[in-house]
Amino acid sequence: MDNYETPGWLLKIFKDWYDPCPFYASFNGLKIEWADRTFVNPPYSNPLPWVEKAIKEKREGMIIVMLLRVDTSTKWFAKLIQADAEILWFSRRLKFTDKPANFPSMLVILK
């Protein structure tokens, strides 16, 4: 349940945004500075470091949009709420490029 490639229609929306978490393992976006407009689809098994990095980048004036699974019981979700994130809920489960989701998803906006 770790890597779900972003659906193509969603990639088109964020086509000009920086992606610090591309769909290959040799790149570590947690160790670099992000751009003014950043779209992140982090590994779903451990989104906490990505959420923490996104909150840090938001505080530095960046706009961050994250595609995350819905899990309101987690520490990372609580951190997003504390950071005054805007949350957009999908009305149905996403169909990812490589496989259908067996969980609900959301877009989180930090600005």
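Let me begin by describing the structure that accompanies this report. (Residues numbered from 1 in each chain as written. Predicted model: local features only at pLDDT ≥ 70, side-chain atom pairs only at ≥ 80, totals over all residues. Heavy atoms only, no water.)

1. Focus: helix H3 (residues 75–82)
Side chains that are three or four residues apart share a direction in an α-helix, a result of its 3.6 residues per turn. We apply this condition: Partly exposed describes any residue whose relative accessible area lies between the buried limit of under 20% and the exposed limit of over 50%, with all areas from a 1.4 Å probe on protein chains only and scaled to the type maximum. To qualify as a helix, a DSSP run of H or I must reach at least 4 residues; to qualify as a strand, a run of E must reach at least 2; elements of each kind are numbered from the N terminus. Throughout, the arc means the angular range of directions from the helix axis out to the C-beta atoms.
Restricting attention to buried positions, one finds in H3 the residues Trp76, Phe77 and Leu80. Buried residues of H3, viewed axially, fall in a sector of 100 degrees; they line one side. Turned more than 90 degrees from where H3 packs its buried face, Lys75 and Gln82 sit exposed. Backbone geometry just after H3 places aspartate 84 at a positive phi near 60 degrees.

2. Remarks on unusual backbone geometry
Backbone geometry at aspartate 84 places phi at a positive 60 degrees, although glycine is not the residue there. Considering the arrangement of structural elements, one finds aspartate 84 in the loop between H3 and strand E3 (86–89).

3. Considering the sheet that holds strand E1 (residues 37–40)
Note the cut-off: Strand pairing is defined by DSSP finding a minimum of two bridges between the two strands. Angles run from 0 to 180 degrees between N-to-C directions of axes, and those axes are lines fitted to C-alpha atoms, restricted for helices to the stretch in contact. By definition, residues are in contact when any of their heavy atoms lie within 4.5 Å.
What the 4 strands build is an open sheet, ordered E1-E2-E4-E3; its pairing is mixed. In this open sheet, the two edge strands, each paired with only one partner strand, are E1 and E3. For this sheet the average axis-to-axis angle between neighbouring strands, irrespective of direction, equals 15 degrees. As judged from the 4 bridges shared by E3 and strand E4 (residues 105–110), these two strands associate in the antiparallel manner. Of the residues in E4, the one forming a bridge with leucine 88 is leucine 107. Contacts between helix H2 (residues 48–59) and the sheet are confined to E1, strand E2 (63–69) and E4, with E2 contributing the most and set at about 160 degrees to the helix. Its contacts with the sheet place H3 against E2, E3 and E4, and it is angled at close to 40 degrees to E4.

4. As for the packing of H2 against H3
When two helices pack together, their arrangement is given by the angle between the helix axes and by the axis-to-axis distance. Rule in force here: Orientation is classified from the angle alone, with under 35 degrees giving roughly parallel, over 145 giving roughly antiparallel, 65 to 115 giving roughly perpendicular, and any other angle giving oblique. Crossing handedness is defined as follows: a turn of the near helix away from the far one that is anticlockwise and smaller than a right angle gives a left-handed crossing, while the clockwise case is right-handed. Residue polarity follows a fixed list, in which Ala, Val, Leu, Ile, Met, Phe, Trp, Tyr, Cys and Pro are nonpolar, Asp, Glu, Lys and Arg are charged, and the others, Gly among them, are polar.
Direction vectors running N to C along H2 and H3 enclose 10 degrees, while the axes themselves pass 9 Å from each other. Comparing the axis directions of H2 and H3 gives the class roughly parallel. As for how H2 packs across H3, the hand of that crossing is left-handed. Residues Leu48, Val51, Glu52 and Ile55 of H2 lie in contact with H3, whose contacting residues are Lys75, Trp76, Lys79 and Leu80. Looking at the contact of H2 with H3 residue by residue, the classes come out as 5 nonpolar, no polar and 3 charged.

5. Some details on the packing of aromatic side chains
This is how it is decided: Planes of paired rings set the category: under 30 degrees apart is stacked, over 60 is edge-to-face and the rest tilted, where pairs are Phe, Tyr or Trp rings (Trp by its six-membered ring) whose centres lie within 6.5 Å.
Following the criterion strictly, the structure yields 7 aromatic pairs and no others. Between the aromatic rings of phenylalanine 14 and phenylalanine 39, the centroid separation amounts to 4.6 Å while the plane-to-plane angle is 15 degrees, which identifies the pairing as stacked. In this pair, phenylalanine 14 sits in the loop between helix H1 (8–13) and E1 while phenylalanine 39 sits in strand E1, placing the two residues 25 residues apart along the sequence. Ring geometry for phenylalanine 96 against phenylalanine 103: centres 6.1 Å apart, planes inclined by 45 degrees, an arrangement best described as tilted. Each member of the pair, phenylalanine 96 together with phenylalanine 103, is buried. Three or more aromatic residues joined by ring pairs form one cluster here, namely Phe14, Trp17 and Phe39.

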